[in-house]
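For reference, the chains in residue letters:
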Amino acid sequence: MPQVVLLVVCALVCVAVANATVVDGLGDQVHNARPIVGVMAQPTYADPQYKGLGRTYLAAAYVKWLESAGARVVAVQYDLPEPQLVRLLQSINGVVFPGGELDIPGSHYQNTSQFIYNWAIKVRFHSFSSSSIAIAQRTDVTSASGRPQNEAGNYFPLWGTCQGFEQMAIMASGDDSILTEFQAENLTLALDFSSAAAHSRLYGSMEKRIVDIFRNQAVAQNLHQLGLAPDLYALTVGTDNERFRSTWDILSTNEDRRGWTFISSMESKKHPFYATQYHPERNAYEWDREEALIHSADAVAAMQALSNFLVSEARKSANTFANKSEEYASLIYNFAPLYTPRIDRYYEQVYFWK
């Protein structure tokens with residue numbers, strides 16, 4: 001009988017460890033075996049074809065892209081009251097700013113995104129109180145050790161795709177006018193890597209085979225009319241935007257149909273923040289025949305490498321929901337996407353919320 005009890009206890013311990021957030025012996029490396037990533041749900045008012053379907057929406061491809069790498073997903077509603085937003089941020093392991101067609105500057109959606117961006121830099125995630133949400137806007141927030149919060153070891157990755165890339169540029173620079181018009185709608189390209197790419201966290205950790213796909217094959221789909229020009233990035237020196245240049249690395253560039261160069265991917269030097277102007281979620285999950293969208297095995301593998309990377313970053317975050325009921329109620333599984341090609345050819349499936 002004692003042996004049976006011992007076996008049962010061991011089994012229970014093994015199950016608990018498998019599902020727990022594990023901190024290694026060094027105490028500075030978290031492995032979260034159950035990562036949950038938030039994706040921003042956008043207002044539908046910028047998309048007239050969605051009239052009557054809901055107040056906010058989220059393209060299902062982002063959900064599938066993250067799930068394919070082992071994450072679960074929560075939709076982050078842009079108009080959540082701040083105490084609820086903060087509680088949600090404390091519970092998840094990163095946020096994705098997706099592509100879209102919003103007029104970003106000054107919008108409620110951008111204000112919420114900026115709050116999340118500032119929060120991810122400054123806030124001590126496990127001690128942040130919903131009664132002190134204004135702390136996210138402060139620049140002097142320190143940990144118990146006296147270090148700024150962005151140096152205190154708290155981990156919360158952010159990712160921006162297309163419109164999300166543009167948001168990251170605006171949020172990092174503080175300049176609503178930093179973007180330039182480009183002719184890069186439905187343009188699929190190979191990446192022109194910068195010298196920083198080989199040593200970056202994003203591409204530097206990838207297998208050579210995957211990097212070669214990005215470098216040599218036109219697999220990265222662009223769907224943008226705005227972007228960030230490298231010369232404007234350089235002009236931030238000596239201006240109020242200099243902090244952008246000093247804290248972000250250009251990882252790749254591309255040219256639009258006129259030969260104008262835009263930044264196609266970048267990462268923060270100090271924080272786990274990443275952005276691609278191209279759409280890594282579309283190659284495997286969107287099927288519009290009118291798009292220059294590559295579905296080859298190599299293209300899918302390259303974009304899968306990006307989701308694998310992002311979710312590996314999310315696993316470094318120790319945030320968890322307070323209880324199972326709150327976690328289960330928040331997950332995307334509670335909602336069903338609509339099949340939408342008849343109303344919007346860009347997306348196969350879309351989630352809507354009233």
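Residues numbered from 1 in each chain as written. Predicted model: local features only at pLDDT ≥ 70, side-chain atom pairs only at ≥ 80, totals over all residues. Heavy atoms only, no water.

K.L.:
Can you help me understand the overall build of the protein in this one?
P.N.:
Summing up its helical and strand segments, the protein has 11 helices and 15 strands in all. In the protein, buried positions account for 51% of the 354 residues. Put simply, of all contacts in the protein between residues at least 6 apart along the chain, 74% involve residues at least 24 apart. For the protein, the exposed surface amounts to about 15900 Å²; the carbon and sulfur share of it is 54%. (Helix = DSSP H or I, 4+ residues; strand = E, 2+ residues; numbered from the N terminus. Buried < 20%, exposed > 50% of the residue type's maximum accessible area, 1.4 Å probe, protein only. Contact = heavy atoms within 4.5 Å. Areas by Shrake-Rupley, 256 points an atom, 1.4 Å probe, with all protein chains shown as cover.)

K.L.:
Explain helix α2 (residues 60–67) here, please?
P.N.:
Note on helix geometry: an α-helix contains 3.6 residues per turn, so any two residues three or four positions apart are oriented the same way. Most of α2 is tucked away: six of the eight residues are buried. Here α2 has its buried residues at Ala60, Ala61, Tyr62, Val63, Trp65 and Leu66.

K.L.:
Honestly, helix α4 (residues 108–122) in this entry has me stumped. Any pointers?
P.N.:
The end-to-end C-alpha distance of α4, which contains 15 residues, comes to 21 Å, matching closely the 21 Å that a straight helix rising 1.5 Å per residue would cover. Those residues of α4 not exposed but buried are Tyr109, Gln110, Thr112, Ser113, Phe115, Ile116, Tyr117, Asn118, Trp119, Ala120, Ile121 and Lys122. (Expected span 1.5 Å × (residues − 1).)

K.L.:
Can you walk me through empty space enclosed by the protein in this structure?
P.N.:
Using a probe with the size of a water molecule, rolled over the atoms, empty space left in the structure can be pinpointed. Summed over all chains, the structure comprises two cavities of 30 Å³ or more. Roughly 60 Å³ of volume is contained in the largest cavity. When residues in the lining of the largest cavity are grouped by element, the largest group, three residues, is from helix α10 (residues 297–314). Looking at side-chain class alone, the lining of the largest cavity contains six nonpolar, three polar and no charged residues. By volume, the second largest cavity is sized at about 30 Å³. Met40, Gln42, Tyr57, Leu58, Ala59, Tyr62, Pro98, Gly99 and Tyr347 are the residues that line the second largest cavity. At the level of secondary structure, the elements contributing two or more residues to the lining of the second largest cavity comprise β3 (36–43) and β4 (56–59). (1 Å grid on protein atoms, 1.4 Å probe; cavity = no way out; pocket = protein on both sides within 12 Å on 5 of 7 lines; lining within 4 Å. Points joined across faces, edges and corners; volume = space filled by probe spheres on them. Nonpolar A, V, L, I, M, F, W, Y, C, P; charged D, E, K, R; others polar.)

K.L.:
Help me out: how do you make sense of the environment of Phe115 in this one?
P.N.:
Here Phe115 is to be found in helix α4. Sequence separation between Phe115 and Leu85 is 30 residues; the distance between their C-alpha atoms is 9.7 Å.

K.L.:
Is there a simple way to explain the pattern of salt bridges in this structure?
P.N.:
Pairing between side chains of opposite charge can happen when the charged atoms of each approach one another. Counting across every chain of the model gives 14 salt bridges. The salt bridge partner of Arg34 is Glu327, with a shortest N-O separation of 3.7 Å. A residue pair is termed long-range when its members are at least 10 positions apart, and Arg34 in the loop between β2 (30–32) and β3 and Glu327 in helix α11 (residues 324–330) qualify at 293 residues. Taking relative accessible area as the criterion, Arg34 reaches 34% and is therefore assigned partly exposed. Look at Glu327 and you get buried, because its relative accessible area is 12%. Arg282 is paired through a salt bridge with Glu291; the nearest N and O atoms lie 2.6 Å apart. (Salt bridge = Lys/Arg side-chain N within 4 Å of Asp/Glu carboxyl O.)

K.L.:
Please explain the pairing of strand β5 (residues 72–77) as it appears in this structure.
P.N.:
Regular strands place their side chains on alternate faces of the sheet. In terms of residue burial, β5 counts as a mostly covered element, since six of its six residues are buried. Of the two faces of β5, the one lined by Arg72, Val74 and Val76 and the one lined by Val73, Ala75 and Gln77 are each fully buried. In this structure, β3 lies alongside β5, joined through six bridges in parallel fashion. Among the inter-strand pairings, Ala41 is bridged to a residue of β5, identified as Gln77. (Pairing = 2+ DSSP bridges.)

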